[in-house]
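# Structural overview for review
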Amino acid sequence: MRLILLGPPGAGKGTQALRLVAKYGLVQLSTGDMLRAAVKAASPIGRKVKDIMQSGGLCPDDIVVSIVAERIEQPDARKGFILDGFPRTVPQAAALDRMLKKRGIALDAVIELRVDEDALLKRIENRIAEMKARGEPLRSDDNPEVLRQRLVAYRKQTAPLVAYYRKQNVLRTVNGMAPIPEVTAAIDKALPPEPSTPKSKPVRNGAKRATAKARKPKAAVHLGKKSSKRASSLRKTAAAHKSVGRKSKSGETARP
Ligand code: AMP
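Rules used throughout
- Residues numbered from 1 in each chain as written.
- Predicted model: local features only at pLDDT ≥ 70, side-chain atom pairs only at ≥ 80, totals over all residues.
- Heavy atoms only, no water.
- Near = heavy atom within 4 Å.
- Polar contact = N/O pair within 3.5 Å; in protein donor to acceptor, adjacent residues only side chain to side chain.
- Areas by Shrake-Rupley, 256 points an atom, 1.4 Å probe, with all protein chains shown as cover.
- 1 Å grid on protein atoms, 1.4 Å probe; cavity = no way out; pocket = protein on both sides within 12 Å on 5 of 7 lines; lining within 4 Å.
- Sits in = over half its atoms within 2 Å of the grid points.
- Helix = DSSP H or I, 4+ residues; strand = E, 2+ residues; numbered from the N terminus.
- Nonpolar A, V, L, I, M, F, W, Y, C, P; charged D, E, K, R; others polar.
- Buried < 20%, exposed > 50% of the residue type's maximum accessible area, 1.4 Å probe, protein only.
- Points joined across faces, edges and corners; volume = space filled by probe spheres on them.

Contacts to the ligand come from 16 residues, most closely from Thr31, Gly57, Gly85, Arg88 and Arg150. The contact in question runs from a nitrogen atom of the ligand to an N or O atom on the side chain of Thr31, over 2.8 Å. Alone, the ligand offers 480 Å² of accessible surface; in the complex the protein occludes 96% of this. Under a 2 Å grid-point criterion requiring more than half of the atoms, the pocket assigned to the ligand is the largest pocket. Looking at which element gives the most residues to the shell around the ligand, the answer is helix α2 (residues 31-40), with four residues. Taken together, the residues of the shell around the ligand break down into six nonpolar, five polar and five charged.

Right, dumping it as structure tokens:
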């Protein structure tokens, strides 16, 4: 399954992604995490994006697209992935379309976590204040001013993706303001049914049964030809034939 979680910062994309990872065995591809790792490692990409990230703006499309293109090639992403925080602009979405098309794969769903921005801002400000009070580490962009900037960036550059994916008929919108388990349940409901896994077994079993059935009449025809005497003795003859056949192979007596 290949999914996108779409929603402003603080909408709960990361929380829901973790739940989907646990449930469906997908990998979570968070461009925010990848970029923070690059900043921490002071790599050339990290040095380019550090200031942008700290101000709450969006990093250049070409940089983000190239790290995603590389990441979805990794073996762990072949089975499926959840994109968390990507795409964030229409050019990124178009680049993703091309990437997937080239690999012959498609998106299963884009889940939009719809939230009320004012309520969200209050929620995040409270969370930041609580974390500070507990002395917990904060992200460098975890402050109300930067958050406002990130919301502005979302509205301007990312929100148009709602229409973009609605047009592609893959958009599913859930209420991101509901309690976490309710959001999870709504996402589960919105996802397309899992492809193949539960269906494949009965088909294989069915095929086996069909083969076994197909063999029986053949044996009966074969027996029928050999025992030319009475039609009513066909079953006995068959048993005798089986018995002989097994004895000749294994020396055991056939079970009735
Ligand atoms: P996140 O952890 O997803 O909230 O991302 C943190 C920051 O990383 C964002 O505020 C942006 O500066 C940058 N970032 C993450 N993903 C993208 C993206 N797809 N396009 C541009 N910038 C991104």
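Okay, back to it.
The next point concerns unusual backbone geometry. Pro87 follows Phe86 through a cis peptide bond whose omega is -5 degrees. Tracing the backbone shows Pro87 in the loop between β3 (81-84) and α5 (90-102). Of note, the phi angle at Ala42 is positive, near 55 degrees, even though the residue is not glycine. Residue Ala42 is classed as partly exposed on the basis of its relative accessible area of 39%. The backbone of Asn169 shows a phi angle near 65 degrees, a positive value even though the residue is not glycine. Here Asn169 shows up in the loop between α8 (160-167) and β5 (171-175). Look at Asn169 and you get exposed, because its relative accessible area is 61%.

Attention shifts here to the layout of surface pockets. Approximately 1100 Å³ is the volume attributed to the largest pocket. Lining the largest pocket are 46 residues, and of these Pro9, Gly10, Lys13, Arg139 and Arg150 sit closest to its centre. Counting residues per element, the ones that place at least two in the lining of the largest pocket are β1 (2-6), α1 (13-24), β2 (27-30), α2, α6 (117-134), α7 (144-158) and α9 (180-190).

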